[in-house]
Amino acid sequence: MLPGFKLTLGFTLFYLGLIVLIPLAAVFWKTTTLTWPQFWQTITMPTAMASYRLTFGASFLAALVNVIFGLIVAWVLVRYEFFGKKIVDALVDLPFALPTAVAGITLAALYSKTGWIGQLLEPLGIKAANTQLGIFIALTFIGLPFIVRTVQPILEDLDPELEEAASSLGANRWQVFWRVVLPMLTPALLTGFALAFARALGEYGSVIFIAGNIPMKTQITPVIIMGELDMFDYGKATAIAVVMLVVSFVLLLTINVLQWWTNRYNTNNLA
Amino acid sequence: MTPAATTFHTPHNIVHRHTTSEPPAVRRALIGVALVFLSLFLFLPLVFVFTQAFAKGIGFYFETLRDPNAWSAIKLTLLAAAIAVPLNCVFGVCAAWAIAKFDFPGKNILLTLIDLPFSVSPVIAGLIYVLVFGAQGWLGLYLNADNPHFPWLQNWLNDHNFKIIFAVPGIVLATIFVTFPFVARELIPLMQAQGRSEEEAARVLGASGWQTFWRVTLPNIKWGLIYGVILCNARAMGEFGAVSVVSGKIRGQTNTIPLHIEALYDDYNFTGAFAVASLLAFLALITLGLKTWVEHKNAALNEIEISK
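The rules behind each value
Residues numbered from 1 in each chain as written. Chains lettered and ligands numbered in written order. Predicted model: local features only at pLDDT ≥ 70, side-chain atom pairs only at ≥ 80, totals over all residues. Heavy atoms only, no water. Helix = DSSP H or I, 4+ residues; strand = E, 2+ residues; numbered from the N terminus. Buried < 20%, exposed > 50% of the residue type's maximum accessible area, 1.4 Å probe, protein only. Contact = heavy atoms within 4.5 Å. Areas by Shrake-Rupley, 256 points an atom, 1.4 Å probe, with all protein chains shown as cover. Expected span 1.5 Å × (residues − 1). Polar contact = N/O pair within 3.5 Å; in protein donor to acceptor, adjacent residues only side chain to side chain. Patch = residues over 30% accessible without salt bridge, like charges linked within 9 Å, V, L, I, M, F, W, Y side chains within 5 Å. Salt bridge = Lys/Arg side-chain N within 4 Å of Asp/Glu carboxyl O. Disulfide = S-S within 2.5 Å. Axes fitted to C-alpha atoms, helices over the stretch in contact; angles between N-to-C directions. Parallel < 35°, antiparallel > 145°, perpendicular 65-115°, else oblique. Left-handed = near helix turned anticlockwise from the far one by under 90°. Nonpolar A, V, L, I, M, F, W, Y, C, P; charged D, E, K, R; others polar. Phe/Tyr/Trp six-rings, centres within 6.5 Å; stacked < 30°, edge-to-face > 60°. Lys NZ or Arg CZ within 6 Å of the ring centre and 35° of its normal.

## Section: the overall build of chain B
Within chain B, the secondary structure is distributed over 17 helices and zero strands. Scored against the burial criterion, the 308 residues of chain B give a buried share of 49%. Taking all contacts inside chain B whose residues are at least 6 apart in sequence as the whole, residues at least 24 apart take part in 72%. When the accessible surface of chain B is split by element, carbon and sulfur atoms take 65% of a total near 14,300 Å².

## Remarks on helix α5 (residues 68-101) of chain B
Helix length check: α5 of chain B (34 residues) gives 49 Å between terminal C-alpha atoms against 50 Å at 1.5 Å per residue, within 8%. The backbone nitrogen of Asn-69 of chain B lies 3.0 Å from a side-chain oxygen of the residue at the head of α5 of chain B, namely Asp-67 of chain B.

## Points about a nonpolar patch on the surface
Residue and element names in this part refer to chain B. Judged by side-chain polarity, Phe-282, Ile-286, Leu-290 and Trp-293 come together as a nonpolar surface patch covering roughly 400 Å² of accessible area. With respect to the element layout, Leu-290 can be found in helix α16 (residues 270-297). The class for Leu-290 is partly exposed, based on a relative accessible area of 37%.

## A closer look at the environment of Ala-167 of chain B
Residues and elements named next belong to chain B. Along the polypeptide, Ala-167 turns up in the loop between α9 (151-159) and α10 (168-178). Look at Ala-167 and you get buried, because its relative accessible area is 12%. Spatially, the C-alpha atom of Ala-167 lies 16 Å from that of Pro-258, the residues being 91 residues apart in sequence. Contacts of Ala-167, omitting those with residues within four sequence positions, involve Val-246, Ser-247 and Thr-254.

## Comments concerning the pattern of salt bridges
Under the defined criterion, the tally for this structure stands at 17 salt bridges over all chains. The closest approach of N and O atoms between Asp-103 of chain B and Lys-107 of chain B, which form a salt bridge, is 3.5 Å. Among the salt bridges present, the one from Arg-235 of chain B reaches Glu-239 of chain B, with a minimum N-O distance of 2.8 Å. When salt bridges that share partners are traced, they join Asp-89, Asp-93 and Arg-149 of chain A together with Lys-291 and Glu-295 of chain B into one network.

## As for the state of the cysteines
Residue and element names in this part refer to chain B. Under the definition given, this model contains zero disulfides over all chains. The cysteine Cys-89 is free of any disulfide, with Cys-232 supplying the nearest cysteine sulfur at 6.5 Å. Its sulfur unpaired, Cys-94 is 11 Å from the next cysteine sulfur, which belongs to Cys-89. Judged by relative accessible area, which is 14%, Cys-94 ranks as buried.

## Considerations on the packing of helix α1 (residues 5-31) of chain A against α5 of chain B
Running from N to C, α1 of chain A and α5 of chain B point in directions that differ by 130°, and their axes come no closer than 8 Å. Taken together, the axis directions place α1 of chain A and α5 of chain B in an arrangement best described as oblique. As α1 of chain A packs across α5 of chain B, the resulting crossing turns out to be left-handed. Contacts between α1 of chain A and α5 of chain B involve Phe-5, Thr-8, Leu-9, Phe-11, Thr-12 and Tyr-15 of chain A on the former and, on the latter, Leu-87, Asn-88, Val-90, Phe-91, Cys-94, Ala-95, Trp-97 and Ala-98 of chain B. Residues of the contact of α1 of chain A with α5 of chain B, tallied by class, amount to eleven nonpolar, three polar and no charged.

## Description of the packing of aromatic side chains
Scanning the entire structure with this criterion turns up 33 aromatic pairs over all chains. Centroid distance Phe-69 of chain A to Phe-37 of chain B: 4.4 Å. Interplanar angle 5°. Geometry classified as stacked. Of the two residues, Phe-69 of chain A is situated in helix α3 (residues 46-79) and Phe-37 of chain B in helix α3 (residues 24-53); the pairing between them involves two chains. Here Phe-91 of chain B and Phe-180 of chain B contribute two aromatic rings whose centre-to-centre distance is 4.4 Å and whose plane-to-plane angle is 35°, an arrangement assigned as tilted. Pair noted here: Phe-91 of chain B is in helix α5 and Phe-180 of chain B is in the loop between α10 and α11 (182-194), with a separation of 89 residues, a long-range link. Phe-180 of chain B carries the same exposure label as Phe-91 of chain B, and that label is buried. An aromatic cluster of three or more residues is present, and its members are Tyr-204 and Phe-209 of chain A together with Phe-240, Tyr-265, Tyr-268 and Phe-270 of chain B. The ring of Trp-75 of chain A carries Arg-79 of chain A above its face, with NZ or CZ at 4.6 Å from the centroid. Just above the ring of Phe-60 of chain B sits the side chain of Lys-56 of chain B; from NZ or CZ to the centre is 5.1 Å.

In C-alpha cells form, the structure reads like this:
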C-alpha cells in the first residue's frame, strides 16, 4: 500500500477549504444580512435586470458564433494541410494566454472611431466602441478556443470508416457531414458552447474597455457588482453575486454532464 | 487503426478520395473563412499591441517601462506569481496523489470542487476575499481596531501596518484563487492514467515514500507538471478582475501590471498603456510557445487534452 494518503488528502481539503470553500461561503453568509424584500429588490433593480439581459444575450450570441466558426477552424486544422498550419494551431489558444486587460484595451482601440477596424466600420454606420456590439466582439474573442479545443480531439479520432460506409451507400458529401459527422460532434459542440457561454457570463477585463459601461445600455453584470463595491455597498454587491454564482453552478453541473456524454462518444470511437 | 485494416482499404483508396473529402473549391473556401476569422480576432489584435507600443518610438517605450510605478507593478506581479504558483503546485501534486493513487468516497464531488474557481467570475473571486477580510467582513470585524476582540492582535497589526484588503496579501490571495485548479487538473488525469503499479513496485523493492515520489512519480509527471505551471503562471501574471477588486489601485504600491495598464489607459496615455501591455503580450507568446513545445515533447499530454 502506498503511503501519504492522510497527509495529501488532509492538505488538499485544508487548502481547498481555506482558499475556496470558506471565502465562497462568506457570500451566502453576507446575503443573510439582507432581508428577503431587500435581496429581491436589489437583484431585480432596473440596472441589474438590464445587465442580465445584456450579459446573457451577448454571451449566448458570442458562444453561438463561436460554435459555427470554431467548428470550421477545428475542421480545417484537423482535415486540411496549408501553409503555417502549426502556427495557426498554436495561436488558437491566444485568448487563454493573453491577459484580459490587454485584450480589453486592444479591442477597444481597434474598434474605436479612429482604430484600424473602427474607421472601416464608421462609413457603414456601424459602431462597436461603447455599444453592445463591442461587448459581443470581446466575448467572441475570449470564447473562441473553447469550441476549437473541445471539437478538435473528437474530430481527430473520428473513424473514417463511418464516412466511407455512408458514402459507399450513396450519400453525398453534404449528407455524410450532416447525418453522420455532425451528430457525432454534437456532444463536443454543446460542451464547447457551454464552456464558452459560462466563461463569457463572468468575463470582466476584456469587456469593460470596449463596453463604455453606460447604465441600462452597456453595463454587464460584473460591472454592476463592481459599481456597488466602489460605493462600499457590499450587501447589494453580494446579492447580485449570489445570482451569478447560482447560474455558474448550474452551468458547471450541465458542463459535467455534457463532458461525460462527450467522453462516452469518444471512448466508443476509440474502442 | 490496425495494419490489417489499412491493407484491406487500400484498393478502394481512389474512390474514397472522392467521397470522404470535400471538393477543392470547398476546401479552399473553408480554409479562407477560418483564416479570415482568425486574422480578424487573433492576429490583428496581436500585431496591434506591438505596433501601438512603439508608436512614439523606442525611447518613449523604455521610458514608460523605467517609470517607478511601472517597476513597482512589475515587481508586485512577479511576487504574486512567485507565491501563488508554487503553492498551487504543492496543492496540485497532493490532490493528484490522493485522488489518483487511492480510492475513497466523494471523489467526484472533490473533483468538481477543485474546478470551482474556474466557474466563478473574477469580480466575485475578489469580492469573496473582501467579504472575509474587508473592514465589514467576517474576519475583518476581528481585525478592526475600533472593535478590539483581541487587543494584542490589533496592536501587532497596527504596529506592523498589516492589511490584507487593499494591500499585497489580498492581491496574492486573489491570484491564488483564480489559478487554483491549473496544476491539479493537469496532474489528476495524468496520474490516474498511469495507475499505481510503478510506485507499488518501488515500495516492494524497499524504497521509502519520499524516494518513491522523487524517483518514480515525479519523473513520470514531470511534463504534466511543467504544462500546468506554464498555464498557472500566465494566468497569475495576467489576472485583472479579481485583483482589481482587492487591490485598492494605489499607484506604485498595490498596482499589478494589468492594473497599471488600466491606470495608463484611463489617463489617455494609450501608447504607454500598450507599451506595458506588450510585456504581457510577449509573455502570452512565450506561454504559447512553451505550451506547444511541451505538447510535442510528451505525446501522453494529448490524452489529457482529450479527457478535458
